[in-house]
Amino acid sequence: MKIVLLGPPGAGKGTQSARLVAKYGIPQLSTGDMLRAAVAAGTPIGLKAKALMDAGALVPDEVVVGIIGQRIEEPDAANGFILDGFPRTVAQADALDAMLAKNGHSLDAVIELVVDENALLSRMQKRADDTRAAGGEVRADDNPEAFKTRLDAYRAQTAPVSTYYADKGELSQVDGMQHPDVVSAAIAKALGA
Ligand code: AMP
């Protein structure tokens, strides 16, 4: 099962991805997590990405396409994967199609979590508060200023990705404002399970 989860920051992609991992036994491939790991490790990619990520801007397409291209070739991804946070531009979606087609593969489902934008800032702030309360480290881009840039990037660069998949007849939209359990059930339905 090869699944793409789309939706703005704070839509619940991470929560739903984790549930799909447990259900299907396939890995969650989050470009955000991979980039944060690269930043923490101080790799050349991490050094290049850090300032853009901290500001809430997208890193260049070729960087994330390269990361995902390598990652989907790894053995644990042979039976499928959940892409969380990728593709974020139409160029990335095109590159993904080409990478899959090269091996005779294609996506099984593209699911968009549709949420009310007004709820996103408070969801992000709650995530930051919960992390802090648990003694964890808050993401550098979980602050109101960077969050605004992330939303702007979503609107300008990522919203067209939904249209891209809708035009191909591959998009399923799910109401992401519901309780996480209800969202999971709606995703299962969209996946035909
Ligand atoms: P996320 O954890 O998905 O919210 O991603 C955190 C940050 O990583 C984003 O704000 C971008 O700076 C960067 N990033 C993650 N995935 C991508 C992507 N597919 N394309 C470009 N930048 C990305």
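Keep in mind that this is a model prediction, so the values were computed, not measured.

Chemist: Tell me about the site of the ligand, residues and numbers included.
Modeler: Close to the ligand lie 16 residues; Thr 31, Arg 36, Ala 57, Gly 85 and Gln 92 are nearest. In this structure, a nitrogen atom belonging to the ligand sits 3.1 Å away from a main-chain N or O atom of Val 59. Arg 139 places a polar side-chain atom, nitrogen or oxygen, 3.0 Å from an oxygen atom of the ligand. When residues in the shell around the ligand are grouped by element, the largest group, 4 residues, is from helix α2 (residues 31–41). Looking at the shell around the ligand, its residues break down into 7 nonpolar, 4 polar and 5 charged.

Chemist: Kindly report on the environment of Asp 175, identifying the contributing residues and their values.
Modeler: Mapped onto the fold, Asp 175 is located in strand β5 (residues 171–175). Residue Asp 175 is classed as partly exposed on the basis of its relative accessible area of 38%. Note: C-alpha distance between Asp 175 and Glu 117 (58 residues apart in sequence) is 12 Å. Look past the residues within four positions of Asp 175 in its chain and what remains in contact with it is Val 114 and Val 183. Among the polar contacts made by the side chain of Asp 175, one reaches the main-chain amide nitrogen of Met 177 at a distance of 2.8 Å.

Chemist: Summarise the pattern of salt bridges; cite the residues concerned and give the values.
Modeler: Tallying each qualifying case throughout the model produces 15 salt bridges. A salt bridge links Asp 181 to Arg 19; its shortest N-O distance comes to 2.9 Å. One end of the pair, Asp 181, is in helix α8 (residues 180–190); the other, Arg 19, is in helix α1 (residues 13–24), and 162 residues separate them in sequence. Of the residues examined, Arg 19 reaches a relative accessible area of 32% and is grouped as partly exposed.

Chemist: So what about the pairing of strand β1 (residues 2–6)? Which residues, and what values?
Modeler: Counting buried positions along β1 yields 5 of 5 residues, so the element is predominantly enclosed. On β1, burial covers both faces: Lys 2, Val 4 and Leu 6 on one face and Ile 3 and Leu 5 on the other are all buried. Pairing of β1 with strand β3 (residues 81–84) involves 4 bridges; the strand directions are parallel. Residue pairing in the sheet places Ile 3 in a bridge with Ile 82 of β3. The pairing of β1 with strand β4 (residues 109–114) spans 4 bridges and is classified as parallel. Bridge assignment links Leu 5 to a residue of β4, and that residue is Ile 111.

Criteria and cut-off values
- Along each chain, residue indices are assigned from 1 in the same order as the chain's sequence is written.
- Local features in this predicted model are restricted to residues whose pLDDT is 70 or higher, and side-chain atom pairs enter the listing and the counts only when it is 80 or higher, whereas totals over whole chains, interfaces and linings include all residues.
- With hydrogens and water set aside, each side-chain value is computed from the structure's full complement of heavy atoms.
- Each residue is tested against the molecule or strand, and it is near if at least one of its non-hydrogen atoms lies within 4 Å.
- Here a polar contact is taken to be a pair of N or O atoms separated by no more than 3.5 Å, where protein atoms must pair a possible hydrogen donor with a possible acceptor and residues adjacent in sequence count only if both atoms sit in side chains.
- Per the convention used, a helix needs a DSSP run of H or I reaching at least four residues, while a strand needs a run of E reaching at least two, with both numbered from the N terminus.
- Asp, Glu, Lys and Arg are counted as charged, while Ala, Val, Leu, Ile, Met, Phe, Trp, Tyr, Cys and Pro are counted as nonpolar; the rest, among them Gly, fall into the polar class.
- Burial classification: accessible surface area is computed with a 1.4 Å probe over protein chains only, and a residue below 20% of its type maximum counts as buried, one above 50% as exposed, and the rest as partly exposed.
- Only heavy atoms matter for contacts: two residues are in contact if any of them lie within 4.5 Å across the pair.
- We define a salt bridge as a contact between a side-chain nitrogen of Lys or Arg and a carboxyl oxygen of Asp or Glu at a distance within 4 Å.
- DSSP-based pairing: two strands are paired if at least 2 bridges between them are found.

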